[in-house]
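A look at the structure
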Amino acid sequence: MTGPADRPPAVDTAPDAVPDPGGDAADDADFWHLRLYVAGQSPRSLSAYSNLSALCEQHLAGRYAIEVIDLEQQPSLARTDDILAVPTLVRRLPAPLRRIIGDLSDADRVRIGLRLQPPASG
Amino acid sequence: MDVPGSADQLQRLPKSPTGISGFDELTGGGLPQGRPTLVCGPAGCGKTLFAMEFLVRGITEFDEPGVFIAFEESEGDLVVNVASLGFDLPRLQEEGVLVLDHITVAPAETEETGDWGLDGLLLRLGAAIDEVGARRIVIDTLETLFSGFADSARLRVELRRLFAWLKDRGVTAVITAERGDGTLTRHGIEEYVSDCVVVLDHRVTDQNSIRRLRVLKYRGSLHGTNEYPFLISESGLSVMPITSLGLQHTVSDERMSTGVPRLDLMLGDGGFYRGSTVLISGTAGTGKSTLAAQFCDATCSRGERAVYFAFEESAAEILRNMATVGIDLHRWVDAGLLEFRCFRPSLLGLEAHLFAMQRAVTEFDPAVVVMDPVSDFLRVGTGADVAAMLTRQVDFLKSRGVTALFTRLSSDTDPANAEQQLTSLVDTWLLVKHQEGNGEHNRLLYVRKSRGMAHSNQIREFLLTAQGIELADVYVGPQGVLTGSARQAQEAAERADGTARLEDLAQRAVELERHREAVQQQTARLWRDFDDEAAIVARLRSEGDTGDEDRADQRAAQGLLRGAATPVSDAPATAPAPASPAPDPGPAAPVTP
């Protein structure tokens, strides 16, 4: 779990590094806007990000955006967005809003939580 | 009592005063500063209010900004709920000394996958604390978190971290938790809070609910360990341990008339001390209320105020009943000097009664308070509860210098024993008893106890007349204590008997005087006879004698006998006449056996 060897420092540059929400192919209902709340550069944060990215690449390549919010930088967002546990993944689009907490190490549960279709489609 | 009165000198643990009335006395200063305290109890026991008062008083009285984290109630609900206690949360928020944060824990939309931490919560608390520079924080029902997270083992680890973090931040924290089944808290979070645990309770006994508070644990500090009743009132929580008011009342030497002149005399001339506590106990119908009313009447006629708390009769009934014995209380009610507060004790719990009465006293500011009868409170609480409540009432009244008069209905059997709890509290105890006999029952009154007064030990008969109360001497004689008509009969008999004896005496004196005269006359006659006889003997002796000397002697003797003033020239009398024996009945003629 503590070995995010695949994509080490990707998180630093995270906020909005990935395609714009509402960008090119954004407006259709199939676009996924995900927000990941973390607290600092903890191993937990890093593994959550890498797990999420891997999953998205696998299922939603080209039609997703991950916004990473570091609560240590913006603690007031913990209150406004009602975040207690970190990491918390929030699926903002498509509606309805869904939340998943944890480092997302259990891919099956993340799929269930996000209501992702099984990868068979591709 | 195990409430540490002088714990301040002993304890070194810094404490944060809560400002909750009575609680700081109980704990010797408040909650442990910079540490978490657990406040637990069942639903509706007042946990949230306790926590909120701790926070708001901290802000308003001790200048310590605070943060309230609410897991259960929304901000709006909280504001409304505590507004009834006079806490203006929006104003405190505007002033930047209070943060209210409602945290929703929504399990339905949350999935858990793998490792997580409560950093979000900690950052959130940290942000709130930093926002106002908080010194105090309340987390209201932290255990709500258990409903939001499936992995409770992980949650426990995180809670432990939370408590460590709170200590690191050095804020004085109050964590509330709901009582579990047989455990202090539903999820056992007391294991994380090792410094101070306060247990609140809300029990219904005999259909009356009483809130109680207990300091279960207070590491590093002395604290009262009993359960103390507490009250939620318009001015917040009020825990009043018996000793919290202390015994530092100023005392008065001033006496207040009881309204019954002879009773004033029995109390060492003057009546009750101002600010003292008086108990009148007796069986039903002995005139306790009448004594109380008479005292009120006397008080009001001096222009002072009195409050009469009646638990059995309505004001109208009391006014009517007292009018029949010549006590007109109506005029004092009209004049605004006398106020009746009549209610059934079962209406409220003891604490609420206490509070209501104290508020009435504060508002009306009377010189005299009557509670008639206090024994009715036994329907609401146990003897010990009632005694504790009355102790507080007494302390409260004494601290205000109010004279209190309690009546108490006692049973016929051994009234002295049953009332010990109460009688040790009061300064003056009047006992009214029934005496039956001769087809009537009569009332007896005596002063059973009166501190600081040379009071009478006499039993008086207590009469309810059309002009109020009168006290009469009872007759104590060979036939026992007589009261009522037996006393009157005895008094009449004594009067008659006395007259007869006086007449007899006068008669005897006359007779004695007569006797004395007779004796004197008789004595005088006897002396006369004796003198005659002596004269005869002397004459015979002189005729029988020869010689001038003898004759001269005889003449002299005769002269003496006759009381002749002329001295006899011949010679001094050598033979004193045996006449006029010295009237000296003393130790004459010692008899030799």
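Here the structure is a predicted model, which is why all the values come from computation and not from measurement.

Quick look at the confidence of the model for chain A
- A residue-level look at chain A finds 71% of positions with pLDDT of 70 or above and a mean pLDDT of 74.
- Low pLDDT, under 50, characterises residues 1–26 of chain A; the predicted model gives this stretch 34 contacts beyond four residues in sequence or across chains.

Structural notes on the packing of helix H6 (residues 119–132) of chain B against helix H8 (residues 152–169) of chain B
Residue and element names in this part refer to chain B.
- The geometry of H6 relative to H8 is characterised by a closest axis approach of 11 Å and an angle of 20 degrees between their N-to-C directions. If you check the angle between H6 and H8, you find them roughly parallel. Viewed along their axes, H6 and H8 form a crossing whose handedness is right-handed. Of H8, the residues touching H6 (which contributes Asp119, Leu121, Leu122, Leu125, Gly126, Ile129 and Asp130) are Arg161, Leu162, Trp165 and Arg169.

Overview of the sheet that holds strand E3 (residues 88–93) of chain A
- Spatially, E2(A)-E1(A)-E3(A)-E4(A)-E6(B) is the arrangement adopted by the 5 strands of the open sheet, whose pairing is mixed. Each end of this open sheet is capped by a strand with a single partner; those strands are strand E2 (64–70) of chain A together with strand E6 (110–112) of chain B. Each strand of the sheet is rotated relative to its neighbour by a mean of 20 degrees, with strand direction disregarded.
- One ladder, built from 5 bridges, connects strand E1 (residues 32–38) of chain A with E3 of chain A; its direction is antiparallel. Within E3 of chain A, the position partnered with Arg35 of chain A by the bridge is Val90 of chain A.

Overview of the packing of aromatic side chains
All names here are of chain B.
- All chains considered together, the criterion is met by 9 aromatic pairs over all chains.
- Between Tyr308 and Phe340, the aromatic rings sit 5.2 Å apart at their centres with planes inclined by 40 degrees, giving tilted as the arrangement. A residue pair is termed long-range when its members are at least 10 positions apart, and Tyr308 in strand E16 (residues 306–310) and Phe340 in strand E17 (residues 338–342) qualify at 32 residues.
- Ring centres of Phe311 and Phe343 lie 5.4 Å apart, and the angle between their planes is 55 degrees; this geometry places the pair in the tilted category. Here the residue Phe311 occupies a position in the loop between E16 and helix H11 (315–324), and Phe343 occupies one in the loop between E17 and helix H13 (350–364), the gap between them amounting to 32 residues. Exposure class is identical for Phe311 and Phe343. Each is buried.
- Three or more aromatic residues joined by ring pairs make a cluster, and in this case those are Phe309, Phe311, Phe343 and Phe377.
- One cation-aromatic arrangement involves Lys15 over Tyr218; the distance from NZ or CZ to the ring centre is 4.6 Å.

Quick word on the state of the cysteines
- All chains considered together, the criterion is met by 0 disulfides over all chains.
- Unpaired in this structure, Cys296 of chain B has its nearest cysteine sulfur neighbour in Cys300 of chain B, at a distance of 6.2 Å.

Considering the interface of chain B and chain A
- Counting from both sides, the interface comprises 29 residues of chain B and, opposite them, 27 residues of chain A.
- The tally of links from chain B across to chain A stands at 5 salt bridges.
- Where chain B touches chain A, the interface holds 12 residue pairs in polar contact (both at pLDDT 80 or more).
- Elements supplying a minimum of two residues to the side of chain B that touches chain A: strand E5 (98–102), E6, H6 and H8 of chain B.
- The element contributing the most residues to the side of chain B that touches chain A is H6 of chain B, with 7 residues.
- When its residues are assigned to classes, the side of chain B that touches chain A shows 12 nonpolar, 6 polar and 11 charged.
- Sheet topology places strand E4 (residues 98–101) of chain A next to E6 of chain B; 3 bridges connect them, and they run parallel. Opposite Ile100 of chain A, over in E6 of chain B, you have Glu111 of chain B as the bridge partner.

A closer look at the sheet that holds strand E22 (residues 460–465) of chain B
All names here are of chain B.
- Strand order across the open sheet formed by 9 strands is E17-E16-E18-E19-E15-E20-E21-E22-E23, with mixed pairing between neighbours. The open sheet has two edge strands with one neighbour each: E17 and strand E23 (468–473). Geometrically, the sheet is characterised by an average inter-axis angle of 25 degrees between neighbouring strands, direction not taken into account.
- Here E16 runs beside E17; their pairing, made up of 5 bridges, is parallel. The residue bridging Ala310 from the neighbouring strand is Cys342, located in E17.
- Against the sheet, helix H10 (residues 288–301) engages strand E15 (277–282), E16, E17, strand E18 (368–372), strand E19 (403–409), strand E20 (428–437), strand E21 (440–450), E22 and E23, with an angle of about 165 degrees to E19.
- Most of the contacts of helix H14 (residues 383–400) go to E19, to which it runs at about 155 degrees, and overall it touches E15, E18 and E19.

Some words on the packing of H13 of chain B against H14 of chain B
All names here are of chain B.
- At a minimum axis distance of 10 Å, the contact between H13 and H14 shows a crossing angle of 15 degrees. In this view, H13 runs roughly parallel relative to H14, as classed from their interaxial angle. As H13 runs across H14, the sense of the crossing is right-handed. Between H13 and H14, the residues in contact are Leu350, Glu351, His353, Leu354, Met357, Gln358, Val361 and Thr362 and Asp385, Val386, Met389, Arg392, Gln393, Phe396, Leu397 and Arg400, respectively.

Observations concerning the side chain of Thr88 of chain A
Residues and elements named next belong to chain A.
- Tracing the chain through its elements places Thr88 in strand E3.
- Take Thr88: its relative accessible area is 2%, and that puts it in the buried class.
- A distance of 2.4 Å separates a polar side-chain atom of Thr88 from the backbone oxygen of Ala85.
- Among residues more than four places away in sequence, those in contact with Thr88 are Arg35, Leu36, Tyr37, Ile83, Arg99, Ile100 and Ile101.

Scoring rules and cut-offs
Each chain has its residues counted from 1, running along the sequence as written. To label them, take the chains in the order written and letter them from A, then take the ligands in the order written and number them from 1. Confidence filtering applies because this is a predicted model: local features only for residues at pLDDT of at least 70, side-chain atom pairs given and counted only at 80 or more, and all residues used for totals across whole chains, interfaces and linings. Only hydrogens and water are removed before side-chain values are computed, so all heavy atoms of the structure are retained for them. Confidence of the predictor at the level of single residues is captured by pLDDT, which takes values from 0 to 100. Residues count as neighbours in contact if any of their non-hydrogen atoms are within 4.5 Å of one another. Fitted lines through C-alpha atoms serve as axes, helices being fitted only where they are in contact, and the angles separating the N-to-C directions of these axes extend from 0 to 180 degrees. Numbering of helices and strands runs from the N terminus, with a helix taken as a DSSP run of H or I at least four residues long and a strand as a DSSP run of E at least two residues long. Just so you know how the angles are binned, under 35 degrees is roughly parallel, over 145 roughly antiparallel, 65 to 115 roughly perpendicular, and the rest oblique. Rotating anticlockwise by less than a right angle from the far helix to the near helix defines a left-handed crossing, while the corresponding clockwise rotation defines a right-handed one. Paired strands, as defined in this entry, are two strands with at least two bridges between them according to DSSP. Any two rings among Phe, Tyr and Trp, with Trp reduced to its six-membered ring, count as a pair given centres within 6.5 Å; such a pair is stacked if its planes are under 30 degrees apart, edge-to-face if over 60, and tilted if neither. Three exposure classes are used, based on accessible area relative to the maximum for each residue type with a 1.4 Å probe and protein chains only: buried under 20%, partly exposed in between, and exposed over 50%. Only when the NZ of Lys or the CZ of Arg is both within 6 Å of the ring centre and within 35 degrees of the ring normal is a charge said to sit over the ring. When two cysteine sulfur atoms lie within 2.5 Å, the pair is treated as a disulfide. Salt bridges are defined as contacts in which a side-chain nitrogen from Lys or Arg sits within 4 Å of a carboxyl oxygen from Asp or Glu. Polar contacts, as counted here, are pairs of nitrogen or oxygen atoms within 3.5 Å of one another; within protein the pair requires one atom able to donate a hydrogen and one able to accept it, and residues that are adjacent in sequence qualify only if both atoms are side-chain atoms. Think of it as three bins: nonpolar holds Ala, Val, Leu, Ile, Met, Phe, Trp, Tyr, Cys and Pro, charged holds Asp, Glu, Lys and Arg, and polar takes everything else, Gly as well.

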